[in-house]
Amino acid sequence: MLEFIQTSYFILLYVIILVVAIATYHRYFDTVLKFFPIYIAYTIFTELLGYFIITYEDISFFEDPKYAWYNVIIFNIHSVLVFGYFFWVYFKIVKRKIYKKVILYFGFTVLLGYILNCFMENPFYSGLYQADTLASLFYIVVALMYFSGRNWRFERHNFMFWITLGLLIFHLIFPFLNLTGFLKPKIWVEYHFRDILKLTIMASYSMYLIGLLLGRRRAFR
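The structure displayed is predicted, hence computed values, not measured ones. As a convention, each chain's residues are numbered from 1 in the sequence order in which they are written. Residues qualify for local features only when their pLDDT is at least 70, as the model is predicted, and side-chain atom pairs are given and counted only at 80 or more; totals for whole chains, interfaces and linings, by contrast, use all residues. Excluded from the side-chain calculations are hydrogens and water; all other atoms, namely the structure's heavy atoms, are used.

Asker: I would appreciate a short explanation of the pattern of salt bridges in the present structure.
Answerer: Side-chain pairing between opposite charges can occur once the charged atoms of the two side chains come close. Salt bridges are defined as contacts in which a side-chain nitrogen from Lys or Arg sits within 4 Å of a carboxyl oxygen from Asp or Glu. Applying the stated criterion across every chain, the model contains one salt bridge. Among the ionic pairs, aspartate 30 bridges to arginine 217, the shortest N-O distance being 3.0 Å. Note that aspartate 30 is positioned in the loop between helix H2 (10-23) and helix H3 (36-55) and arginine 217 in the segment after helix H9 (193-214), a separation of 187 residues in sequence. Secondary structure elements are taken from DSSP: a helix is a run of H or I of four residues or more, a strand is a run of E of two residues or more, and numbering for both begins at the N terminus.

Asker: Any chance you could explain a nonpolar patch on the surface here in plain terms?
Answerer: A contiguous nonpolar surface patch, about 450 Å² in accessible area, is contributed by Leu112, Ile115, Leu116 and Phe119. With respect to the element layout, leucine 116 can be found in helix H5 (residues 97-120). Using a relative accessible area of 46% as the deciding quantity, one classes leucine 116 as partly exposed. Patch membership requires over 30% relative accessible area and the absence of a salt bridge. Like charges are linked within 9 Å, and nonpolar side chains (Val, Leu, Ile, Met, Phe, Trp, Tyr) within 5 Å. Accessibility throughout is a Shrake-Rupley quantity obtained with a 1.4 Å probe, and a residue counts as covered only by protein chains that appear here. Classification of residues uses two cut-offs on accessible area relative to the type maximum, computed with a 1.4 Å probe and protein chains only: under 20% is buried, over 50% is exposed, and between them is partly exposed.

Asker: Please clarify how empty space enclosed by the protein should be interpreted in this entry.
Answerer: Rolled over the atoms, a probe sized like a water molecule indicates the empty space that remains. Here a cavity denotes a set of grid points, spaced 1 Å apart and computed over the protein atoms alone, in which a 1.4 Å probe fits but from which it cannot get out, and a pocket denotes an open set meeting protein on both sides within 12 Å along at least five of seven lines; residues with an atom within 4 Å of a point are reported as lining. Grid points are joined across faces, edges and corners, and a volume is the space filled by probe spheres set on the points. Going through the model one piece at a time under the given rule, you end up with one cavity of 30 Å³ or more. In this structure, the largest cavity occupies an estimated 60 Å³ of space. Together, Thr24, Arg27, Tyr28, Phe159, Gly211, Leu212, Gly215, Arg216, Arg217 and Phe220 line the largest cavity. Residue type decides the class: Asp, Glu, Lys and Arg count as charged, Ala, Val, Leu, Ile, Met, Phe, Trp, Tyr, Cys and Pro as nonpolar, and the leftover types, Gly among them, as polar. In the lining of the largest cavity, the residues fall into four nonpolar, three polar and three charged.

Asker: It is not clear to me how the environment of phenylalanine 154 should be interpreted in this structure. Could you clarify?
Answerer: Tracing the chain through its elements places phenylalanine 154 in the loop between helix H6 (129-147) and helix H7 (159-183). Between the alpha carbons of phenylalanine 154 and valine 80 there is a distance of 33 Å; along the sequence they are 74 residues apart.

Asker: Explanation requested: the packing of aromatic side chains in the structure shown.
Answerer: Note on aromatic pairs: each is described by the distance of the centres and the angle between the planes. Pairs were defined over the aromatic rings of Phe, Tyr and Trp, the Trp ring being its six-membered one, requiring ring centres within 6.5 Å. Orientation was assigned from the angle between planes: stacked under 30 degrees, edge-to-face over 60, tilted for the rest. Taken as a whole, this structure holds 30 aromatic pairs when the rule is applied. Consider the rings of phenylalanine 87 and phenylalanine 138, whose centres lie 6.4 Å apart with planes at 40°: the pair is tilted. Here phenylalanine 87, found in helix H4 (residues 72-93), pairs with phenylalanine 138, found in helix H6; they are 51 residues apart in sequence, far enough to count as distant. Owing to a relative accessible area of 0%, phenylalanine 138 belongs among the buried residues under this scheme. Between the NZ or CZ atom of arginine 96 and the centre of the ring of tyrosine 99, over which it lies, the distance is 4.8 Å. Note on criteria: charge over ring means Lys NZ or Arg CZ within 6 Å of the ring centre, with the direction from the centre no more than 35 degrees off the ring normal. In this structure, lysine 100 is placed above the aromatic ring of phenylalanine 91, and the distance from its NZ or CZ to the ring centre is 4.6 Å.

Asker: Would you explain the layout of surface pockets in this entry?
Answerer: Quantified by volume, the largest pocket comes out at close to 1,700 Å³. Listing elements by their share of the lining of the largest pocket, those giving two or more residues are H2, H3, H4, H6, H7, helix H8 (185-190) and H9. Across the lining of the largest pocket, the residue classes break down as 30 nonpolar, 16 polar and four charged. Estimates place the volume of the second largest pocket at around 180 Å³. If you go around the second largest pocket, the residues you meet are Ile93, Val94, Lys95, Arg96, Tyr99, Met145, Tyr146, Ser148, Arg150 and Arg221. Classifying every residue of the lining of the second largest pocket by side-chain character gives five nonpolar, one polar and four charged.

Asker: Honestly, the packing of H6 against H7 in this entry has me stumped. Any pointers?
Answerer: Geometry of a packed helix pair, given as the angle between the helix axes and the separation of the axes. Helix axes are fitted only over the stretch in contact, all axes being lines through C-alpha atoms; the angle between N-to-C directions runs from 0 to 180 degrees. Relative orientation of the contacting elements H6 and H7 amounts to 150°, with a least axis distance of 8 Å. In terms of orientation, H6 lies roughly antiparallel with respect to H7. Viewed along their axes, H6 and H7 form a crossing whose handedness is left-handed. Partitioned by chemical class, the residues of the contact of H6 with H7 number 16 nonpolar, six polar and one charged. Orientation categories follow fixed angle ranges, with anything under 35 degrees roughly parallel, anything over 145 roughly antiparallel, 65 to 115 roughly perpendicular, and all other angles oblique. Should the near helix be turned anticlockwise from the far one by less than a right angle, the crossing is left-handed, and should it be turned clockwise, the crossing is right-handed.

In structure tokens, the structure reads:
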């Protein structure tokens, strides 16, 4: 248990967010974020399953002992499903037609990227690095469109604002870490990029938690 906490401490933040998300569900149950608790619960499940596959030999997707600890497929599936979720969220919430078109075209381009990446890399044994990087660009563009024209002084109680800020924080950094791990694995290991990634995740999800705590129904937009 101690080892789990030391290596996967950020999951504790996920659990806290899930509890708060359920407790405050009445504030956003009729908005586009009504499935947010399910998203967090699914993320927790993915992280726990990934940890158990690496830790316990009896839990594996492969019969070959050489690949017994490979858990990348569940994270690839997670990336695609979460992208689809946020694609739907932002397509629903933006009002300007030009923004909707950008989200629609860019979103389908990313989904096509994931499909093509599966032919370039075996998703059971390798991360879909190219498609994940393209997806990050999508999140950045969507976040900037969402923030355009907004007065930040009046957004403190808007849960959607904090969600978008969290996504932007993570995806401004993620492509660099992601591609370094793919192209320069020695640098990834030597400079502890995995720890940097975890800190980036915690910074991003902390924005979600702030949004849940400060969010008000009438401020959602």
